[in-house]
Each structure stands twice: as C-alpha cells, then as structure tokens.
Amino acid sequence: MKKTFILALILAMCVYLPAQTDTKSIMKRNALPSSQEELMELSACDTGNYTYSVEDYFQKPKQSTFRFSPDGKYISYREKDENGKRHVYVKDIETNKATRVIEEKEELIRNYLWANNNRLIYVKDKGGNENYHLFAVNLDGNNPVDLTPFEGVRVSILNDLKDQSDEMIISMNKDNVQVFEPYKINIKTGEMVKLFENKDLVNPIVGYDFDKDGDLRAYTQQVNGTNYILYYRTAEDKPFEEVGQTDWMNDFYILGFDYASDNPNAAYVLSNLESNTDEIVLYDMVAKKTLKTLFKNKNYDIGGLARSRKRNYEIDYYYYTGEKSRIVPVSRTYKKLHRKFRKQFGDKEFLIASKTDNEDKYLIYVTSDKLYGTYYIYDVNKNEFKKIMDLMPKLKEEDMAVMKPIHFTSRDGLIIHGYLTLPKEAALGKKVPLIVNPHGGPYGIRDRWGFNPEVQLFASRGYATLQVNYRGSGGYGKAFYLAGNKQIGRKMLDDLEDGVSYVKSLGKIDKNKITIYGGSYGGLATLGSLVKTPDLYTCGVDYVGVSNLFTFFKSFPPYWKPFLAQIYEQWYNETDSADQKIMHEVSPALNVDKIKKPLFVIQGANDPRVNIEESNQIVENLRVRGFDVPYMVKYNEGHGFGHEENRIELYHCMMGFFAKHLK
C-alpha cells in the first residue's frame, strides 16, 4: 500500500456526509443557492461569437469506453441516448449485432469491466455519495445482480482473479465502517466469503496483496497513524512474518509477485527507501533484500509496470510521467509492438485500453494536448490498424491550443513544473487574461500534459491557463513531495504566485486580468489566494472546495480516524496551539474580511469528500458583508458534477462569470 497515495486523496475521499441525510433535508436547511434565473443571467454574460460552444467541449461522446471481451469475440462500449443516458452495449464482432446489456437510469454508471467472457461488472452509487455498489450482468443483459446490496458501504476490487472466472476479490467496510476487509465473491450469485479479519481498529490493516491464485501473500498494517509494517507469508499454512517498517514519508509497496522466476518469494516493489524518486525493484520477501533495481529515473517517480499474462507474466514495459507520459519498452514482443504504435501514431500519446487474453488484438487509445481521443484496433495477425471511433470529431485539432510544459524557480529556490496554454490571440501580440488553475489533492496529485476540455474551452474564449505542480505534488520525488508539509495556505500559494510572475515575464498576459479557479483542494487554494493576495486576482471560482480546516477535520469519516496522526504531521495538528493559529490564518471562511474580489461557488449537495457546509460557510460569510456571490448547488451530485446537463450548465455560468469580470 502506497502511503503517500492515501494522503494524496484525503481531499478526494474524506469528508463524510451521513448516508441517512436525504435530499429533502439538505434542501430544507440550504436556502443559499442562487436561483435558476440568477444563474441564467450570469450565463448570458458570455456573449461572444465562438467557433465552439460549451456543449462541444462538455457533451459526453456519442460512444466511448470501449473494451474487448477476454476472448475477443465481443467489444463493449457506452452509447449515449437522446436523454444523455450512457448505456453499455455489447457488439458481436463477427455479426456486428449490438445488444444493450446495462441501462443507465437515474443513477450514473461510474465504471464497467468484463469479468469473464460471459459476464460484465459495473459500479453505481447514489447521487454521488461514493458508497459504491458492485453489480454484474450477462453479456446478453440477463441475470443482473446487485452483488453488494449494503447501505452505507463502499466496495472496491482488489483482484479480478483471471484464472477463476466466476469469482473476484473485493474490499468492503461492511462489518465496521472504520476498516476494510477482503471478500471472495461469486459474480453470478453474490455469495461471498470473508478472507481476512481487520480487527485492530487502532492499528488497522490498510492494504492487502493477493497473488494471481487469490492467496493472501502479504498485508500492510498501519501503526500509530504514521508508521507501516509489511507482513508476508510463504504459504497459506505459514504465519505472517514482518518484512520491514516504514513511515508515511517513504514508499515501499508491492506491485505484484514475480511468477516468471524460480524464486517463489520474489516481488516487484515500488520503493524510494534508497532513492529520492520511486523506483521499481525486485525484492526477496524472505531474505528481506533488494535483488535488483529494475527501473528508475532520477527526476521522476516511476508509475508502474505492465506484464503479459500469456507469456508467463513477462514484463512488457515500465511507465512514468515526466513532462509527458512515458512508456519504456522491455520485452522483445512489446518492443516490436511499440515501434509499430509509434510509427502509426507519431508524437501523440497512446495507451493500451484493452487487449484480448490471447494478445492477438489490442485496443489503442490515442490522444494529445489537441486531440480529445481516438480508438484504434490493432490486429496482430493481420498487422492492421483500424480506426473505430473519434470521440469528439467536431473538435478539430488545428483549432485547439497547445499545452506547453514550463518550469520556473520559486522564491525559495525550488524548481517548479507546470503547463501553460495560450489562446491564439496571444500569438497575434494581444495581451490576454490568465486563469490560474491549481489541481486538487493537494499531496501526491499532479497536473499532466494532454487534452483538457476546460483548458481548451478557456483558450477558445481568449483566456490563457496556468497549471502549476506546486510543492507537495506527486511525481517529482520524495524531497519535492515533503516540501509541501504544512504548507497549505502558505508556500503552496507562494508557488502559484511565483508561477504567475513567471508567466507575466513572458509578456503575453494582461496583468490586470488574472483570475484563479480550482476544484477540491484547488477550491481551497482559490479561496486562500483571494485572502492572501487580494490584489493579484481579479476574481475567483471555487468548485467543491474546503473553506474552513477546523470544520473540514471534524467531518472526517470513521474510516479515516486511524490516519489522523499522519494528517496532523502533513497538514496541521488541530490539537496543537501553534498549528491552530496557522489553521485559523489559512482557513478562508475565517478571513473573509480580506476577500475583496468577486467569487463564484459551485457545490454538489451529496459530496462525501467536501461537505456542502464548506461552501455554505464561505457564501454566507461573504454575503453578510454585502458580497454578491453566485452559488450553484446540484442536489444529484457529489464531489464534482457527473451529469452531463449539470456540467454544461456549470461551464456556461463559469464562462459568463469570467466574461463579466475579465472582458
């Protein structure tokens, strides 16, 4: 289990809205949202004559999310109907007959996969509350089953058990909402067996490592909230023994077990114990030593590896993200494939979205900063590429803006990376407004190069976009990650300001028209920036952002309780008087007297990560001071808007808000 990843998702996973809270009670107590008429008036401020509409960027593709069945006889995909519902279809490749097998109704289908040649699985929650249920259905649409029909419980898949086609291993907090336990579940009947008990609520197990046969080989126990012990056993009838201990600041976790060697205790491990960046090593779990460093990069964390099940789990390639995504071929087979893919797709990014078990057909997803995305099938036996779907053919590459990797030096000497996207007006010598767009997280997450519909929409309206991977962002090594400790509202915001200074030095930006917009932690950064540097920004947009660290901490769900000690070390310690002072200083809702510029706030009522009260506070506190704060709330959404009609309305209003204050 990667500890840095756990805390990277704290703003993405940890504010709790009780399951029994219904929409009516939320609406009754929440009289703050702007009326539909007020939002329509705001939207109408965007009056330009543009080549592309908001809908062009944010309508869901007519067809998307293609997958091969394991045997390659079928291809599945999602298809949108006239009401915006995205159903799942299965097409017989030989006959071309398509059958709708999963119907999307009121609740969104969040994801789907093939479980075996005859059955698909998918997940849904209720209104964005993220208490996911796991469902299964036959490829002809028959025998639909809610496999986890439990209220207030969230499920995730730990192991798809490719060699046991009717079963998989899942994780649920079914018996105690504070901890997660593994179950083997039959995807036809829903029958399940608990595989291990997570009994120590103070020092719980936070990660399970099963092998391809479904045997639990290792687990990671959290101790005192900040340390981790990895346990391993050589066989099911042997005891678990300690392999080693780490703390939350270091990574050491199992990517998978080595089935290709003669050493039964060898595992692929992602580690930064002996380096600044995450590297992949082959590790002997019994001898407790590194056998070989397989792949590393001195500047960037390695993301992982891909293996061939057909070829006895031979490593095909490693991957990581630098300025762009990188794939490093390893096996002779994949090297040949990679050369073919590179020749076919040039400098565009491509990834294997799906492949058959026999590895004779590959589904390739191709994209770039200017290409939304295109699917191709590569037939190995025919040595033939076939384009099957351009997801957004209306968005022409030649009309899209270039996303350029940049780097600059912060005021205290750190090299900060990011991306700058300029509209065409900048190339014509016009100084353009700038949107600073901090990513969420904040820890361990980062912005990446590629097609970003928000950024392209902004460019189409004449706005530049700056995305900064501020200190604490992931992918740049341990030292850069740890440089973000206890810097929320402080040096993290300095990095954004230094990025603005760098971009202004290029001579392309109108220094009087700079705004900031972000979601989740990016919303907190937006609010914090309007407090910290009220004269730098013209306005701001807060999308599902935290406003008060004290109330944010108090709304943590039960299953984050064991992580409080780690949170206190990385964020701030609400029980420490010195940290309390900082928390007060960096909580925007407690410092609204310093906000001087217009603000637009957006929130999902069922958000389990950032409770709606975080947005209510900032809106109410500003309105008391006489601020006109447009406030959009959607009662069928959670942490970010998933419904197409809500997303389109959001961006219409956002473009109206920007037009009102930047043009």
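So, how was this worked out
Counting starts from 1 at the beginning of each chain's written sequence and moves along it residue by residue. Given that the model is predicted, a residue must reach a pLDDT of at least 70 before its local features are reported, and side-chain atom pairs must reach 80 or more before they are shown or counted; all residues, however, enter totals for whole chains, interfaces and linings. Here the side-chain values reflect all heavy atoms present in the structure, with hydrogen atoms and water set aside. Labels follow the DSSP assignment, with helices taken as runs of H or I lasting at least four residues and strands as runs of E lasting at least two, numbered in each case from the N terminus. Radius of gyration: over C-alpha atoms. The globule rule applied is 2.2 Å multiplied by the number of residues raised to the 0.38 power. Type-normalised accessible area, obtained with a 1.4 Å probe on protein chains alone, sets the label of each residue: buried when under 20%, exposed when over 50%, and partly exposed for intermediate values. Put simply, buried Ala, Val, Leu, Ile, Met, Phe, Trp, Tyr and Cys residues joined by side-chain atoms within 4.5 Å make one nonpolar core. Only one rule defines a salt bridge in this text: a Lys or Arg side-chain nitrogen within 4 Å of an Asp or Glu carboxyl oxygen. Distance thresholds for patches are 9 Å for like charges and 5 Å for nonpolar side chains (Val, Leu, Ile, Met, Phe, Trp, Tyr), applied to residues having over 30% relative accessible area and no salt bridge. Residue-level accessible areas treat just the shown protein chains as cover; the underlying method is Shrake-Rupley with a 1.4 Å probe. Positive residues here are Lys and Arg, negative ones are Asp and Glu, while His and the chain termini are left out of the count. By convention, charge coordinates are those of NZ in Lys, CZ in Arg, CG in Asp, or CD in Glu. To estimate the expected span of a helix, subtract one from its residue number and multiply by 1.5 Å. For this analysis, a polar contact is any N or O atom pair within 3.5 Å, provided that within protein one partner can donate a hydrogen and the other can accept it, and provided that sequence-adjacent residues contribute only side-chain to side-chain pairs. Contact between two residues is taken to exist if any of their heavy atoms lie within 4.5 Å; hydrogens are not considered. Only strands joined by at least two bridges in the DSSP assignment are considered to pair. Throughout, an axis means a line fitted to C-alpha atoms (over the contacting stretch in the case of helices), and angles, computed between N-to-C directions, take values from 0 to 180 degrees. For Phe, Tyr and Trp, where Trp contributes only its six-membered ring, two rings pair if their centres lie within 6.5 Å, and the inter-plane angle classes them as stacked under 30 degrees, edge-to-face over 60, or tilted in between. Whether a charge sits over a ring depends on NZ of Lys or CZ of Arg being within 6 Å of the ring centre and within 35 degrees of the ring normal. pLDDT expresses how confident the predictor is about each individual residue, on a scale running from 0 to 100.

Points about the overall build of the chain
So, step 1. Check the secondary structure of the chain and you find 16 helices and 35 strands.
So, step 2. Against the 2.2 N^0.38 benchmark of 26 Å for 663 residues, the chain shows a C-alpha radius of gyration of 25 Å, consistent with a compact globule.
So, step 3. Dimensions of the chain, computed from the C-alpha atoms along their principal axes, are close to 70 × 60 × 50 Å.
So, step 4. For the chain, with 663 residues in total, the buried portion stands at 58%.

A short note on the nonpolar core
So, step 1. With 78 residues, the main nonpolar core has L434, L549 and I618 as its most contacted residues.
So, step 2. Element by element, the count of residues in this core is highest for helix α11 (residues 521–532), at six residues.
So, step 3. By size, the runner-up hydrophobic cluster in this structure holds 33 residues, among which are Y57, L457, F641 and L650.

Some thoughts on the pattern of salt bridges
So, step 1. Per the stated rule, a full pass over the model turns up 35 salt bridges.
So, step 2. A salt bridge links R461 to D46; its shortest N-O distance comes to 3.7 Å. With R461 in the loop between α8 (453–460) and β31 (464–469) and D46 in the loop between α4 (36–43) and α5 (54–58), the pair connects residues that are 415 residues apart, well separated along the chain. Accessibility classification places R461 together with D46 in one group, the buried group.
So, step 3. Residue E497 pairs with K532 through a salt bridge whose shortest N-O separation is 2.8 Å. On the criterion of sequence distance, the pair formed by E497 in helix α10 (residues 491–504) and K532 in helix α11 is long-range, its members being 35 residues apart.
So, step 4. We classify K532 as partly exposed; its relative accessible area is 34%.

Here's the deal with a negative patch on the surface
So, step 1. Taken together, the side chains of E37, E38, E41 and D628 make up a negatively charged region of the molecular surface.
So, step 2. As for its position among the elements, E38 is in helix α4.
So, step 3. We classify E38 as partly exposed; its relative accessible area is 44%.

Describing helix α15 (residues 612–624)
So, step 1. Between its first and last C-alpha atoms α15 spans 18 Å; for 13 residues at 1.5 Å apiece the expected length is 18 Å, and the two agree.
So, step 2. Where α15 starts, the residue carrying a side-chain oxygen 2.9 Å from the main-chain nitrogen of E613 turns out to be N611.
So, step 3. Downstream of α15 by a residue or two, G626 has a phi angle that is positive, lying close to 95 degrees.

Side note on the environment of M192
So, step 1. Mapped onto the fold, M192 is located in strand β12 (residues 192–194).
So, step 2. Sequence separation of M192 and L147 is 45 residues, and the distance between their C-alpha atoms is 9.0 Å.
So, step 3. Aside from chain neighbours lying at most four places away, what touches M192 is L147, T148, F150, M172, Y183, K184 and I185.

A closer look at the sheet that holds strand β17 (residues 252–257)
So, step 1. The antiparallel open sheet is built from four strands, whose spatial order is β17-β18-β19-β20. In this open sheet, the two strands that pair with only one neighbour each are β17 and β20 (289–295). Strand after strand, the sheet turns through a mean of 35 degrees between neighbouring axes, direction not considered.
So, step 2. Note that β17 and strand β18 (residues 266–271) share five bridges and pair antiparallel. Of the residues in β18, the one forming a bridge with G256 is Y268.

A short note on the packing of aromatic side chains
So, step 1. Tallied over the full model, the rule gives 47 aromatic pairs.
So, step 2. Ring geometry for Y443 versus Y481: centroids 6.3 Å apart, planes at 75 degrees, classification edge-to-face. Here Y443 is found in the loop between β30 (432–436) and α8, whereas its partner Y481 is found in helix α9 (residues 478–482), with 38 residues between them in sequence. The same class applies to Y443 as to Y481, namely buried.
So, step 3. Of the aromatic side chains, those joined through ring pairs into one cluster are Y317, Y319, Y334, F341, F345, F350, Y362, Y376, Y378 and F385.
So, step 4. A cation over a ring is seen here: R67 above Y112, with NZ or CZ 5.8 Å from the ring centre.

Digging into unusual backbone geometry
So, step 1. The peptide bond linking G441 to P442 adopts the cis configuration, its omega dihedral lying at 0 degrees.
So, step 2. The topology assignment puts P442 in the loop between β30 and α8.
So, step 3. The phi torsion at N96 lies on the positive side, around 70 degrees, for a residue other than glycine.
So, step 4. Following the sequence through the fold, N96 ends up in the loop between β3 (86–92) and β4 (98–102).
So, step 5. With a phi angle near 55 degrees, K486 is a residue other than glycine that sits in the positive phi range.
So, step 6. Its place among the elements puts K486 in the loop between α9 and α10.
So, step 7. Classification of K486 by relative accessible area gives partly exposed; the value is 25%.

Considerations on the confidence of the model for the chain
So, step 1. For the chain, the average pLDDT comes to 94, and 95% of its residues sit at 70 or higher.
So, step 2. Note that residues 4–29 has pLDDT below 50 and, in this model, 83 contacts with residues that lie over four places away or in other chains.

Quick notes on the pairing of β31
So, step 1. In terms of burial, β31 is a largely internal element, six of the six residues being buried.
So, step 2. Here β31 shows a buried face lined by A464, L466 and V468 and a second buried face lined by T465, Q467 and N469.
So, step 3. When strand β29 (residues 415–421) meets β31, the two strands line up antiparallel, connected through five bridges. Residue pairing in the sheet places L420 in a bridge with L466 of β31.
So, step 4. Pairing of β30 with β31, which is carried by three bridges, proceeds in the parallel orientation. Along β31, the bridge assignment pairs L434 with A464.

Some remarks on the environment of V544
So, step 1. Note that V544 resides in the loop between β33 (539–543) and α12 (549–554).
So, step 2. Linking V544 and G207, residues 337 residues apart in sequence, is a C-alpha distance of 29 Å.
So, step 3. Among residues more than four places away in sequence, those in contact with V544 are S520, I602, Q603, G604, D607, V610, G638, H639 and G640.

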